[in-house]
Every structure is written in structure tokens, then in C-alpha cells.
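Given next are the chains, with one letter for each unit.
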Amino acid sequence: MFNKMTSDKRVRFKSSPRKSEFFLTLRKRVDAYFEDNNITPYANTEMVIKTIVAIVSWVATYALIITDTVSEPIPLILTFLALGFINIFIAFNIMHDATHDAYSSKQWINDLLGYSMNFVGGNQYLFRRMHGAHHGYVNIHGIDVTLETHGMFRFTPAEPWLPKHKYQHIYTPILYSLAMIHWVTFKDFKWFFMEANIGNQKKLNHPLREYVILIVSKLFYFGALLALPLYLLSAPAWLIILAFINMHLLPSLVFALIFQVTHVYDGTHYPLPDDKGNIENNYALHVLETTADFARQSKIGSWLMGGINIHVVHHIFPRVCHVHYPAITKILIEVAEEYGVEYQENETFTEALVKHMSMLKHLSKPDATVPQYGPSQYLDQPVSV
Ligand SMILES: [Zn+2]
């Protein structure tokens, strides 16, 4: 039996006029950027090419496996691993934008491409809900579902401390590596069958159609990547099972770290709602205090990670396709400077990783504290000269 995970409290943001003005200024300039350059916030040609590259790479790699072209142990394990990385490339670059309805102005295109989540072993319907629950409530304990790990980790000071957390910065790489295999085998079923609330979405009743899609797509995933190779390939069963498990490990570690370093790091904040469920802030400012970008200047890195590394503008404008993030971030930095608000970034992934590990280590102590709000809480107070 599982504990009820997310809190029953409904949380909303209560902005002051000055804080709202910050966001309105930012939005006006971002809108003007799209209008002046005569472009839409959705996918452009670069994005369509990326989509084709992802599909062709997947088909070519899978063909090597299923035609028994690679049957020796090491090549087979490496080809499966390559497929695992292509799967996270698809998740970062196509699925993420599509499930935010940021790929196209046409809903059916977003829905269709959103099924790439099912294709890589997950579930679009659940991801939209769970990711949505994270998106609007970053780093709010009890609402942001990405912080909820059944006590496995202590990602916020509000999470009750357990003795094992003393070692969380040590066991992190192992558990992050297992996150994807846990996701494809267990996580979706757990949230479908055992949880009533997902973040701020209470007492959910999932449509029957979604249960059918869940079962069919899981059968497809395990059928295509495990059952069919076991049936068709000349390699021994143990090797195929090993290659299948291994394809989830390293990609999982990379996937988890890329997401985690953007919110859980030395320098972030963990705001908590008051008794009425209010967070005294504007959402855009909340994002600036709970999110940091990394390796923004790396064109190859940003291309491969689908702009997940340029995460601040993604949270403020989730319906903008990731190909536009670099330009929008420049606007954000400008406006943040004008309002005296901090924009947090790390130049490299290594820098971001060090800060992530340092926060995990900090939270491994029972009495660790992390500020709820940053300097933006003073935005509406008169500046003393
Ligand atoms: Zn997102």
C-alpha cells in the first residue's frame, strides 16, 4: 500500500503589481520578438530536420539489431545503448515540446508527436499531467511531483529526514541510473492505479481509453525491444536481456542529471505556501529563483539536449518551442537586469553538477535549511538610496 504522496492543498501564486509588471514587460518584449522577426513560437525548419534525424537514427539502429547484423556481445550491447540514447534524444527534442503543445499550432500534430513518449516506453497522457504538475509549481514541496521519491531522496528541506539520506549524494548516481527502467516497468502503472492526486490535480479519474493506450504501448515497447529480439536474434537470451537492461542505465543517468541540475542546486530556493495555499510571488520570478540554466552558449549541447539546459525561459514560456530559447533568454536577461532580479546560470554542465551534488550533500543533514525566497521578494519595496 502506498502513502498518499501529494498534498491536498491547492496552491496559487499571489503577485504584487510590481512583480506582475516584471512579467508583463517580459512577455511584451518576447511577443514583440516573434512579431518583429515574423516567426511563430512553434517549430521551424531546424526543428523539422531534427525530428527527421531522430526518426531515421532510431530506425537505422533498430534495423541493425533486429536483422541480426550485430550479434557479437559487445557490438550488440553498444547498439542497444545507442538506441537508449536516441530514445532520450527523442524525449528531450520531440516529446517534450509536443507535450507542451509547443511543437505546432495544430493540436493534432502535438498529440501525434507526443506519442513519442509512449514509443520510448513512457506514457504521453501521464507525462502531460505529471510534467504539468511540476511545471507550474517548481520546488514547492508537496505539489512539485519531481521532488517526490517515496523518501528515497531528500530534495527539499521540507522532506522528512531519514538516516539513509546521510548518503544520498553517494547513492544518487546509482538510483538515477535505475530511474528509466523503473519508469518503463513500474512508474506509469503506479500513477495510473495507485495515486488519486497528481500535484494540484485532485481525485483524478483517468478515461478508459488511456488505460487501453497504456497497456497497448507498453506491450509495443517490450515487444519491439525485448520479445522480438529474443525471438529473432541468434544471440543468447541472457545477452539480449542484459543489453535491454543496459540500454536504460547510462541514458537514465544522463537524462536525470540534465533535469535535476536545473532545479536542485546550491543557490536555489524552496518556497512554501502559507495556510491559505498562497505563494507570495509572481510565477516568472518564482522560476528565476528556483531554476538555473547551464551550458547556454554550447550550440551542440543545446541541440542535443533539446534546450532542457536553457530551462528558465522554458518554465516561463512553456508553449514556445526550444529552438527559440537562446533568443528569448537574451530578452529575459535584459529585463531581469532592468528590474534588478537575478538570472542564474552555470557556464558548464560540470559547474551545474557540482552545485547539484553540493545541495544533495547539504540536504543530507537533518537540520539543513535553504531560503524560501531570493531577492525578488523585495521587488515591491521602495529602494533606499
Ligand atoms: Zn517542460
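Everything below is about the structure shown above.
Residues numbered from 1 in each chain as written. Predicted model: local features only at pLDDT ≥ 70, side-chain atom pairs only at ≥ 80, totals over all residues.

What follows covers helix H9 (residues 237–260). Helix length check: H9 (24 residues) gives 35 Å between terminal C-alpha atoms against 34 Å at 1.5 Å per residue, within 8%. The largest bend along H9 measures about 30° and falls at Pro251. Turning to H9, its buried residues number three or more, namely Ile240, Ala243, Met247, His248, Pro251, Ser252, Phe255, Ile258 and Gln260. Those residues of H9 that are buried are in contact with helix H3 (73–99), helix H7 (168–193), helix H8 (208–232) and helix H14 (349–363). (Helix = DSSP H or I, 4+ residues; strand = E, 2+ residues; numbered from the N terminus. Expected span 1.5 Å × (residues − 1). Bend = angle between axes of the 7 residues up to and from the residue. Buried ≥ 20, exposed ≤ 12 C-beta atoms within 10 Å, placed from the backbone. Contact = placed C-beta atoms within 7 Å.)

Take the packing of helix H1 (residues 17–36) against helix H13 (residues 325–339) next. For the pair H1 and H13, interaxial distance at closest approach is 10 Å and the crossing angle is 150°. For the crossing formed where H1 meets H13, the hand is right-handed. Contact residues: H1 offers Phe22, Thr25, Leu26, Arg29, Val30 and Tyr33, while H13 offers Ala327, Ile328, Ile331, Leu332, Val335 and Tyr339. Of the residues that constitute the contact of H1 with H13, the class distribution is 10 nonpolar, 1 polar and 1 charged. (Axes fitted to C-alpha atoms, helices over the stretch in contact; angles between N-to-C directions. Left-handed = near helix turned anticlockwise from the far one by under 90°. Nonpolar A, V, L, I, M, F, W, Y, C, P; charged D, E, K, R; others polar.)

Grouped together as the largest cluster of nonpolar side chains are 79 residues, with contacts concentrated most on Ile90, Ala284, Val313 and Cys321. If you tally residues by element for this core, the top one is H3, at 12 residues. For Val313, the residues in contact, after removing those within four places along its chain, are Tyr325, Ile328, Thr329 and Leu332. (Core = buried A, V, L, I, M, F, W, Y, C linked by C-beta atoms within 7 Å.)

Before going further, it helps to spend a moment on the environment of Ser105. Locating Ser105 in the fold gives a position in the loop between H3 and helix H4 (107–114). With 13 C-beta atoms packed within 10 Å, Ser105 lands in the partly exposed category. Excluding anything up to four places from it in sequence, Ser105 contacts Thr40 and Tyr42.

The values are spatial; any link to function lies outside them.
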